[in-house]
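# Structure assessment
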Amino acid sequence: MAMDRSHMALSQVTPQVTSNLQQQTRSTPWLARRHTPYTKTPKSRRLTCKATRRIPRTARSRTVTSRVNELVGKTWRVYSVSPLHSFTSTRSHLRNYSRHLSAYLEAERHKGGIAVDVQSEFGEKASFNLMHGIALTEEDAEAIEITVRSRSQNGSKDGKIVFTGILCSVEYDGVNIDKENFVALPVFLVKGTAAVTRHVIAWLKIQFDCRINMMRFPPMELAWMVSMWSGLISDDENSDVAVVRFPSLELMYSVPEEVKGLKSITMTVKAGDAKLLWDSVHDQDSDDFTEEEMESFILGLEAHFFAHFKINLAAMTLCRITSSAAFIGAEGRVKILSEKHVHQVLRHFTKLVTESRPLK
Amino acid sequence: MDVVLSLRRILNRFKKTDFVEILKTWNFINIDDLYASIDFQRNTKTTIVSRITEICREKNIRPYHVAQLDLIYQQKNPNCKNWTVFKLSQTSDKNGKQETAEYSVLEDSLRQQLAVFFRHDLDSRPQGESLWFRLHIHGIGVQVSTSDVIYMVYHPHSSYIITSAIKVTYKDYVLQAVLTSLKCTQLKELQLRGKNLKSLADMTLYQQCQGSFSQYRLNQADCNPLGRKKTIKRKDSSPDALRSRLTYENLQDKKARICKTEETFGTSQQPTLERLTFQLKTRFRGQHHIPAMVGHHSPIHCTVKFEEIGRASCRERV
């Protein structure tokens with residue numbers, strides 16, 4: 001930013017030698033944003049999804065069952081994926097990809113001498129499938145599920161699953177991408193052994209010319225997520241019985257290393273009280289959750305803690321949160337707690353991935 | 001065969017450096033005989049263990065000896081188990097008779113009470129002021145599992161007993177037997193649990209004597225009247241004094257803080273705390289940031305947990 005301004009100042013001051021100057025001081029090819037490595041905090045975020053679930057139009061027009069509930073209750077590792085080049089989701093292509101990936105894993109096995117997954121003796125077999133029910137808008141590509149099973153001794157019986165990965169996108173509104181050549185599936189949920197994960201990701205990078213990075217959630221993002229989702233207990237279920245069932249709001253802070261004898265501080269607030277706080281912070285009519293509301297919510301909780309313990313939680317690092325929607329860990333782990341919230345959580349992750357990519 | 005198997009299991013838990021010391025304390029095998037056939041430095045642990053098991057089998061080892069060995073090992077490494085503290089209370093005894101602190105009497109009465117419920121083996125071994133019990137309950141079948149062995153630490157004349165984990169099926173019976181044998185009427189499980197036995201014992205037994213009062217308990221209050229006082233004042237040759245350009249910005253604050261901490265907690269070593277949980281039910285105190293909560297007087301339920309998730313170095317293998 002500083003350099004750009006100085007360029008502008010120079011060209012304004014000495015217009016007669018502008019042409020000369022411009023040749024020498026051409027505007028930098030790098031983005032202005034490289035000086036600010038972190039993205040700007042948005043002023044507000046949407047709480048709910050814009051679109052309702054769409055029913056896929058298949059040729060045979062039978063309703064395909066939604067597999068959203070398979071995402072619930074499992075701990076996933078989240079990766080961010082740049083748009084995939086020349087990826088097609090027709091059945092024949094998916095079968096091709098399955099064969100390629102199985103061959104790749106087989107090759108890795110021969111290279112290393114042991115199977116990619118240490119437990120399986122006979123190698124692995126991969127398969128690509130469409131996963132319905134996750135994509136919402138017309139813009140979203142249908143989600144893809146990648147499964148790797150270990151081969152058992154008799155080829156007919158399927159071994160146990162050693163890797164599950166789901167490439168998905170919910171309400172993707174990224175920059176205009178070249179729709180003919182690229183497919184945007186920015187969120188990759190992964191559950192599997194470390195070795196197999198590494199190989200599958202390497203193959204995807206080679207095959208589709210994309211970048212796959214582990215998504216980490218800095219404390220600011222965790223604070224946004226916990227503030228947004230604490231109030232998601234819907235009103236019609238607001239009886240005492242229902243509130244007891246919902247997990248409470250939990251914030252886990254890790255203590256700096258200089259403090260000996262203490263590693264983490266966890267603050268848990270009962271679900272009903274968390275909802276009360278959320279209601280008093282949030283403007284009921286709007287669908288957006290603003291930055292001021294998020295700040296008041298978090299600062300209110302920290303002040304409540306400070307009044308009792310005289311410890312400033314803002315000096316600690318937030319490393320794990322629990323809300324009624326999901327458990328989220330700073331190192332990129334997520335566990336979605338109910339089917340209703342799957343779309344909201346995935347929509348938020350899609351937004352985070354698109355925000356973190358620099359705009360052209 | 002069963003005895004030899006449990007002996008082997010116990011020996012496998014030892015660290016290589018512990019063998020000589022523990023075997024000397026045990027005194028079942030003559031240590032000089034062992035030195036003849038085992039080189040404790042050079043041989044692998046498996047060889048050492050199998051050699052010792054051989055010798056013990058030849059000497060016809062009995063379960064009692066194995067139990068004693070186990071107790072010695074546990075007393076040396078008390079921080080491997082998860083201990084729970086129980087408080088015993090009795091109805092006011094009119095004649096105020098003191099309970100016996102005879103270890104053998106205690107052991108016998110406990111054995112008698114336990115015999116009502118299970119087939120078991122009970123052994124004891126004193127350590128300092130406390131008495132350790134090792135209770136091995138004979139389950140159905142030949143297989144011996146670690147969950148069938150319960151360790152209990154009792155300080156006679158105190159109203160606390162500390163036990164290791166007890167299986168749910170046995171818990172009620174064991175606690176009933178303990179209650180009857182110690183002639184108490186009520187047993188309450190305290191919210192005090194942890195791995196560090198010494199800290200637990202300190203906190204329960206010397207509850208009124210913590211913090212700055214611990215200086216009296218640990219004999220730090222009175223100075224030694226026969227000790228010589230330093231009369232010659234030596235020059236301060238600490239490295240900080242030499243660097244005269246070093247200044248401390250908030251020396252007064254630091255000193256005040258240290259003074260306050262020492263006043264409250266004392267200068268001795270503090271008991272190790274692994275986890276501290278507070279349950280709060282108070283009015284919301286963050287109203288400065290959330291003005292809409294100003295009118296609310298209903299309490300907010302909050303749980304705060306301070307954790308020290310360190311790993312104590314111990315190995316416990318079956």
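Because the structure is a prediction, the values reported are computed rather than measured.

What follows is about the side chain of T163 of chain B. With respect to the secondary-structure elements, T163 of chain B resides in strand β5 (residues 160-163). In this structure, T163 of chain B is in contact with N82, W83, T84, F86, Y151 and M152 of chain B, ignoring residues within four places of it in sequence.

All names here are of chain A. Counting residues in hydrophobic clusters, the biggest one holds 66 residues, and the most contacted among them are I134, I328, L346 and F349. Looking at this core, the element that brings in the most residues is helix α5 (residues 219-229), giving seven residues. The residues touching I328, leaving out its near neighbours within four places in the chain, are F217, L222, M225, W229, C319, R320, I321, R333, V334 and F349. One finds Y97, Y104, F163 and V196 within the second-largest nonpolar core, a separate group that totals 30 residues.

Each side of the interface is counted separately: chain A has 27 residues, and chain B has 25 residues. The contact between chain A and chain B buries some 2,300 Å² in all, and 67% of this surface belongs to carbon and sulfur atoms. Inspection of the region where chain A meets chain B yields one salt bridge. Of the charged contacts in the structure, one is a salt bridge between K263 of chain A and E308 of chain B, with a shortest N-O distance of 3.8 Å. Among the secondary structure elements, those contributing two or more residues to the side of chain A that touches chain B are β11 (264-269), α7 (271-281) and α8 (291-309) of chain A. Take the side of chain A that touches chain B: its biggest share by element is eleven residues, from α8 of chain A. Among the residues making up the side of chain A that touches chain B, the classes are represented as 15 nonpolar, nine polar and three charged.

For the structure shown, the criterion picks out 24 aromatic pairs over all chains. Measuring from centroid to centroid gives 5.9 Å for Y35 of chain B and F40 of chain B, while their planes differ by 90°, and the two rings are edge-to-face. Overall, the relative accessible area of 42% leaves Y35 of chain B in the partly exposed class. Taking the relative accessible area as the measure of exposure, F40 of chain B reaches 7% and is therefore buried. Note on F117 of chain B and F118 of chain B: the rings are 6.3 Å apart at their centroids and 55° apart in plane angle, and the pair reads as tilted. Taking relative accessible area as the criterion, F117 of chain B reaches 34% and is therefore assigned partly exposed. Of the aromatic side chains, those joined through ring pairs into one cluster are F87, Y97, F128, W203 and F208 of chain A. In this arrangement the basic side chain of K59 of chain B is found over the ring face of F28 of chain B, its NZ or CZ atom lying 5.3 Å from the centre.

Let us look at the confidence of the model for chain A. As a general rule, the predicted coordinates of low-pLDDT regions are not to be interpreted in detail. All names here are of chain A. With 73% of its residues at a pLDDT of 70 or more, chain A shows a mean pLDDT of 78. Long-range and interchain partners of residues 50-62, a stretch whose pLDDT sits below 50, account for 20 contacts in this model, where long-range means more than four residues apart. Scored below 50 in pLDDT, residues 235-244 shows eight contacts in the model against residues more than four places distant or in partner chains.

All names here are of chain A. Across the interface, α5 lies against helix α9 (residues 342-356) with an axial gap of 12 Å and an inter-helix angle of 150°. With respect to their mutual orientation, α5 and α9 come out roughly antiparallel. α9 is crossed by α5, and the crossing has right-handed handedness. Facing α5, whose interface residues are E221, M225, M228 and W229, α9 presents Q344, V345, H348, F349 and L352. Across the contact of α5 with α9, the residue classes tally to six nonpolar, two polar and one charged.

What follows deals with the packing of α7 of chain A against α8 of chain A. All names here are of chain A. Where α7 contacts α8, the two axes come as close as 9 Å, and the packing angle between them is 140°. On the basis of the axis angle, α7 is oblique to α8. Crossing hand, α7 versus α8: right-handed. Facing A274, L277, W278 and V281 of α7, the residues of α8 in contact are E293, S296, F297 and L301.

Our next topic: the pattern of salt bridges. Any two side chains of opposite charge can pair, so long as their charged atoms come close to each other. All names here are of chain B. A complete count under the given rule lists 19 salt bridges over all chains for this structure. Here D18 makes a salt bridge to K76, at a shortest N to O gap of 3.3 Å. Separated by 58 residues along the polypeptide, D18 in the loop between α1 (2-13) and α2 (19-26) and K76 in helix α5 (residues 63-76) bring together distant segments of the chain. The partly exposed category is assigned to K76, whose relative accessible area is 33%. One salt bridge in this structure joins E307 and R275, with 3.2 Å as the shortest N-O distance. Taken as a pair, E307 in strand β8 (residues 300-307) and R275 in strand β7 (residues 275-282) lie far apart in primary sequence, 32 residues in all.

Looking at chain B as a whole, the pLDDT averages 84, with 89% of positions reaching at least 70. In the model, residues 311-318 of chain B has pLDDT below 50 throughout and makes 20 contacts with residues more than four positions away in sequence or in other chains.

Attention shifts here to the sheet that holds strand β6 (residues 186-194) of chain B. Residues and elements named next belong to chain B. With respect to topology, six strands assemble into an open sheet ordered β2-β3-β4-β5-β1-β6, the strand pairing being antiparallel. Since the sheet does not close on itself, it has two edges, and those belong to β2 (120-127) and β6, each with one partner. Strand-to-strand twist across the sheet, computed as the mean angle between neighbouring axes with direction ignored, equals 25°. Direction of pairing for strand β1 (residues 83-89) relative to β6: antiparallel, over a ladder of six bridges. The residue bridging K87 from the neighbouring strand is K188, located in β6. Together, β2, β3 (130-137) and β4 (149-154) form the strand contacts of α5, whose direction differs from that of β2 by roughly 45°. In the packing of helix α7 (residues 168-181) onto the sheet, contacts are made with β1, β3, β4, β5 and β6, and the angle to β6 comes to roughly 115°.

All names here are of chain B. Within the span of helix α8 (residues 197-205), buried status applies to L197, S199, L200, A201 and T204. Packing partners of the buried residues in α8 comprise β1, β3, β4, β5 and β6. Where α8 begins, the capping side chain belongs to N196, and its oxygen is found 3.3 Å from the backbone nitrogen of K198.

Examined against the element boundaries, Q74 of chain B turns out to sit in helix α5. Along the sequence, Q74 of chain B and W132 of chain B sit 58 residues apart, while their C-alpha atoms lie 9.4 Å from each other.

Helical geometry: 3.6 residues make up each α-helical turn, so side chains three or four residues apart lie on a common side. Every buried residue of α2 of chain B is accounted for by F19, V20, I22, L23 and W26 of chain B. Taken from the residues just after α2 of chain B, N27 of chain B is the one with a positive phi, measuring 65°.

Conventions we followed
Residues numbered from 1 in each chain as written. Chains lettered and ligands numbered in written order. Predicted model: local features only at pLDDT ≥ 70, side-chain atom pairs only at ≥ 80, totals over all residues. Heavy atoms only, no water. Helix = DSSP H or I, 4+ residues; strand = E, 2+ residues; numbered from the N terminus. Contact = heavy atoms within 4.5 Å. Core = buried A, V, L, I, M, F, W, Y, C linked by side-chain atoms within 4.5 Å. Buried < 20%, exposed > 50% of the residue type's maximum accessible area, 1.4 Å probe, protein only. Buried area = accessible area lost by both parts, 1.4 Å probe. Salt bridge = Lys/Arg side-chain N within 4 Å of Asp/Glu carboxyl O. Nonpolar A, V, L, I, M, F, W, Y, C, P; charged D, E, K, R; others polar. Phe/Tyr/Trp six-rings, centres within 6.5 Å; stacked < 30°, edge-to-face > 60°. Lys NZ or Arg CZ within 6 Å of the ring centre and 35° of its normal. pLDDT = per-residue confidence, 0-100. Axes fitted to C-alpha atoms, helices over the stretch in contact; angles between N-to-C directions. Parallel < 35°, antiparallel > 145°, perpendicular 65-115°, else oblique. Left-handed = near helix turned anticlockwise from the far one by under 90°. Pairing = 2+ DSSP bridges. Polar contact = N/O pair within 3.5 Å; in protein donor to acceptor, adjacent residues only side chain to side chain.

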